[in-house]
Each structure stands twice: as C-alpha cells, then as structure tokens.
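What the coordinates show
The chain contents come next:
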Amino acid sequence: NVDGRSAHPAARAASSAPTDAPKRARPTRSQRDATIAIMMDATATREATTACAYVSLWIALSAGVILYNKYVLAVHGFPFPIALTMIHMAFCSFMAYALVKVFKVVDGCVAMTRQAYVRRVLPIAFLFAVVLWTGNSAYLYLSVSFIQMVKASMPVVVFAAAVSMRVEKYSHKMAFILANIALGVSVASWGELNFHAVGFTFLIASMAAEAFRIVSVQLLLASADIKLNSITTLYYVSPACFAFLSVPFAVMELPTMLAAPRWPTAAYADPASVDGKQINWEPTVLWTNAAVAFMLNVSIYLLIGKTSALTMNVAGPVKDWMLIYLSSLVFDAPITSTQIGGYAYAFAAVCAYNYEKFKTMKAKEATMTTGSLGGGASSVGGDPGRGGSAKSARARAYEHSAPCRKA
C-alpha cells in the first residue's frame, strides 16, 4: 500500500461502493442559535439556583446565630457575653487556621508583614472585639426584634463615621434619606414595651464601634491593597480579638465564674447560682453555638464568592423581617403596631439608601471603564488611540492579587 490505497481488490471495491446511509444534515443557523440559547438558559438557571441556595443558607445561619446567642445568654443560663465571645473567637481561630494552613482549602496568600499586622489589623481587631462584646451584652436586656429594628439605622451611623473621618463626602440627598431612617427607628423604639437603658447603651456602643470598624477597613486595609475574605479575616483577627477580650473578661466576668460553687467541674444538668443568676456550664451548648457562628462566616465566604456583596446587602432586609417575626414567636416578645409602622418606614428608607449607593457604585464603575477605554499616554504596549492595553484600576488590582485569586 504505497500510494495510500488498499492493495486488495475487494477492499477497493467496498470502499468505492456507494453507501445507502443518509448523510446527516448540518444544523442551520437558527437551530444553532436555539441550542446556544437553551444552554445559556440552563446555565443561568443553575447559577440562580446556586445563588438562592447560598442566600438561604446565609439567612438561616445568620438568624440562627442571633437566636442561639439570645438563648444561651438569656434562657440557657450562661449570662457571660464576653466569655461566650471568647469561645467563639477560640473556635474560629482554630478552624480558620485549619482551613488556611493545614488543609489549604482557602488560599491565605496575603502580603502581611508584622508591621502591617500591628498597624492595620490590630486596630480593626480591637474594634471588632468591642462590637462583639457590646452587641452580645445587649441580648441580656433587650429583645431580638427590638435590636434588629434599631440596627436598621446602621447606615446612619456608618455615614456619620465616614464623613467625620473624611472617607465619604457629605450629601444633602443622602442625609435626607438617612434622616428618614432615623425617624422610622425612633418611632419603632418609642413603641418598645420592654425598653432597657443599659441594654440600649450597649447596643448603641456596638453600632458605633461597628461603623468605625467598617470605615477603618477602608482606610487601613483597602488603601494598602490588603484583601481579606471572611475566612482569612478570622485567621488574622480572631486571635487578636481573643486577647483584647481577655482584659474585660478578667475584670468583669471571671470573678463571678470563680464564685460559682462547682466551677469548673459543675454538674451540667444542675446549674449553679451566683448572685441570683443561674449558671449553666454545659459545654455542648457552648461549643455548638461557636460552631454555628463559624459556619455563618463560611456561608458569607461562599455567598460573596459565588455572587457578590451586593446580593448579601439586598438579602439583609429580608433576613431582618424574618428574624423579627421568628424572635417574637420563639421568645414570646410582643411587637406593637407602632414598632411595625416605624420599622416599615425605616425599611423603605433603607431600600432607597441601598438604591442610591448602587447607582453611585455603577457610576464609578462606568467612569473607570470610560477612562480605561479612552486610552492615553499611560497606555503601554498597545495603540493609545484605541486604548489597546489601557487598564482600569480594578484590572490592575486583580493582576496584583493574582496569586490569591483562588480565595
């Protein structure tokens, strides 16, 4: 078979004989377009289903952590919010270390020097410790539904902190929207039947610390191009939070714990009593509570990784309504019509605030895109007139963090 044909005559005849098998017709352009459309619809449906699953998981865990904390502190018999927070931080530190360093499920590639950690992470860890301490302390005095209603004014506090620290410019339009949020929350607070001044003070302190923590993240981390997700944040912040919380714990809660008659070998089924307070040391409840708190951070990591932070912000108000309703049923906390009306008004203002922030974000992205496509003298290796390789700030930041993209 030198010339590429079969040497056997029968084989040549068989190969040259006409075949009766019909030729498959090539699909037309419309058929190809229809197939592509079906595939795109299936992909979009799969992505939407995945996003809904992650949102549902986040809502369930977020509400579960809040309700579980309220149960442990006010019902179960462990009235030590600092100790409970320290248990959370210890568990989260261990699990975050395992995910980042041992199993390497989460990429912890961050340019973090000792100086950067001290100057940029420790201040945020301190504020985070204050947020958790005062926020959990509020559950000893206030109902979950009332706390969620007051937290609707969080944009007001963040805006005030951002303007005071010159991170955000003052806007009359935003100030008007935020004033309406504050008005609705004030009406909801006025209708609270079980108002407690100490608990309300703790709540306001927690919100103020959270606002300055959010602004500090922008000032200290974003300016230094340090990108942390929810898991790497726990890896770096949780140990420092534990250390900061140990100081008020030693002064405020440890003496009461030591005064318990059977501490630390208490009979868990028989809670001890100190100063009229029932203390239940059952470790299963405490550590499962910490596990749920850690799973909440995992759900945030998955939610933002598969969707965006905007999805979480949009789903937040839905979670708040569900939590208010569930907490009123679980803990038998009455909600007045005045509270519902005030919170509904604040909710509408919060939706308007989120919409304005969304428009501002889109306008900034459009400006960045226009600037990058317009070309200029700074373009390298391309046609400046066509903007061949001009890059936006987002693209440069993405390339700068290339080793950490997996996280």
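Rules of the game
- Per chain, residues are indexed from 1 in the order of the written sequence.
- Side-chain atom pairs in this predicted model are given and counted only at pLDDT of 80 or more, local residue features only at pLDDT of at least 70, and totals for whole chains, interfaces and linings cover all residues.
- Side-chain metrics in this entry use all non-hydrogen atoms of the structure; hydrogen atoms and water are not considered.
- Strands here mean DSSP runs of E at least two residues long; helices mean DSSP runs of H or I at least four residues long; both are numbered from the N terminus.
- For every residue, the accessible area obtained with a 1.4 Å probe (protein chains only) is divided by the maximum for its type, and the residue is called buried under 20%, exposed over 50%, and partly exposed between those limits.
- Whether two residues are in contact is decided by their heavy atoms, any of which lying within 4.5 Å being enough.
- The Shrake-Rupley method, run with a 1.4 Å probe, gives the accessible areas here. Residue values count only the displayed protein chains as cover.
- Each Phe, Tyr or Trp ring (for Trp, its six-membered ring) is paired with any other whose centre lies within 6.5 Å, and the angle between the two planes then decides the class: stacked below 30 degrees, edge-to-face above 60, tilted in between.
- For helices, the fitted axis covers only the stretch in contact; all axes are lines through C-alpha atoms, and the angles between them, taken along N-to-C directions, range from 0 to 180 degrees.
- Angle categories are assigned with fixed cut-offs, so that under 35 degrees is roughly parallel, over 145 is roughly antiparallel, 65 to 115 is roughly perpendicular, and the rest are oblique.
- A crossing counts as left-handed when the near helix is turned anticlockwise from the far one by less than a right angle, and as right-handed when that turn is clockwise.
- Each residue is assigned to one of three groups, with Ala, Val, Leu, Ile, Met, Phe, Trp, Tyr, Cys and Pro labelled nonpolar, Asp, Glu, Lys and Arg labelled charged, and all others, Gly among them, labelled polar.
- On a scale of 0 to 100, pLDDT captures the predictor's confidence in every residue.
- By convention in these notes, a salt bridge is any Lys or Arg side-chain nitrogen within 4 Å of a carboxyl oxygen on Asp or Glu.

1. Observations concerning the overall build of the protein chain
Looking only at helices and strands, the protein chain has 13 helices and 2 strands in total. Relative to its full complement of 407 residues, the protein chain shows a buried share of 38%. Restricting to contacts in the protein chain with at least 6 residues of sequence separation, those with at least 24 account for 80%. Accessible area of the protein chain: about 23100 Å², with a carbon and sulfur share of 64%.

2. With respect to the packing of aromatic side chains
Using the criterion set out here, one finds 17 aromatic pairs in the structure. Note on F91 and W287: the rings are 6.3 Å apart at their centroids and 45° apart in plane angle, and the pair reads as tilted. Of this pair, F91 sits in helix α3 (residues 81-102) while W287 sits in helix α10 (residues 283-306); the two residues are 196 residues apart in sequence, bridging distant segments of the chain. With centroids separated by 6.1 Å and ring planes inclined at 80°, the aromatic side chains of F146 and F195 adopt a geometry described as edge-to-face. Note that F146 is positioned in helix α5 (residues 144-150) and F195 in the loop between α7 (172-190) and α8 (197-222), a separation of 49 residues in sequence.

3. Details of the packing of α3 against helix α9 (residues 230-258)
It is the contact of α3 with α9, at a shortest axis distance of 7 Å, that shows an interaxial angle of 155°. In terms of their interaxial angle, α3 and α9 are classed as roughly antiparallel. Note on packing geometry: the crossing formed by α3 with α9 is left-handed. Residues that form the contact of α3 with α9 fall into these classes: 22 nonpolar, 5 polar and 2 charged.

4. Quick word on the confidence of the model for the protein chain
Scored by pLDDT, the protein chain comes out at a mean of 82, with 80% of its residues at no less than 70. Mean pLDDT across the elements of the protein chain bottoms out in helix α13 (residues 393-400) (36) and peaks in α3 (96). Segment residues 265-270: pLDDT under 50, and 7 contacts once partners within four positions in sequence are set aside and those in other chains are kept. Within the model, pLDDT remains below 50 along residues 375-407, and this stretch shows 38 contacts once partners closer than five positions in the same chain are excluded.

5. Quick word on unusual backbone geometry
Unlike most non-glycine residues, K104 shows phi in positive territory, near 55°. Position of K104 relative to the elements: it lies in the loop between α3 and α4 (114-138). You will see that R166, though not glycine, has its phi angle at about 60°, which is positive. Here R166 falls in the exposed class, since its relative accessible area comes to 78%.

6. Let's talk about the packing of helix α6 (residues 154-164) against α8
Where α6 contacts α8, the axes come no closer than 9 Å and their chain directions differ by 50°. Between α6 and α8, the crossing angle belongs to the class labelled oblique. α6 and α8 meet at a crossing whose hand is right-handed. Together, M154, V157, V158, A161, A162 and S164 of α6 and M207, A208, E210, A211, F212, I214 and V215 of α8 make up the contact between the two elements. In terms of residue class, the contact of α6 with α8 is built from 11 nonpolar, 1 polar and 1 charged.

7. Notes on the pattern of salt bridges
In this structure the tally under the stated criterion is 6 salt bridges. A salt bridge links R213 to E210; the nearest nitrogen and oxygen atoms lie 3.0 Å apart. Here E210 and R213 lie together in helix α8, a separation of 3 residues that amounts to about one turn. Assessed through its relative accessible area of 18%, R213 is described here as buried. For E210, a relative accessible area of 17% translates into the label buried. With its nearest N and O atoms 3.8 Å apart, the salt bridge here joins E365 to K362. Placement of the pair is E365 and K362 together in helix α12 (residues 337-373), with a separation of 3 residues, close to one helical turn. Look at E365 and you get partly exposed, because its relative accessible area is 21%. Residue classification places K362 among the partly exposed positions, given a relative accessible area of 41%. Sharing partners across several salt bridges, the network here consists of K173, E356 and K359.

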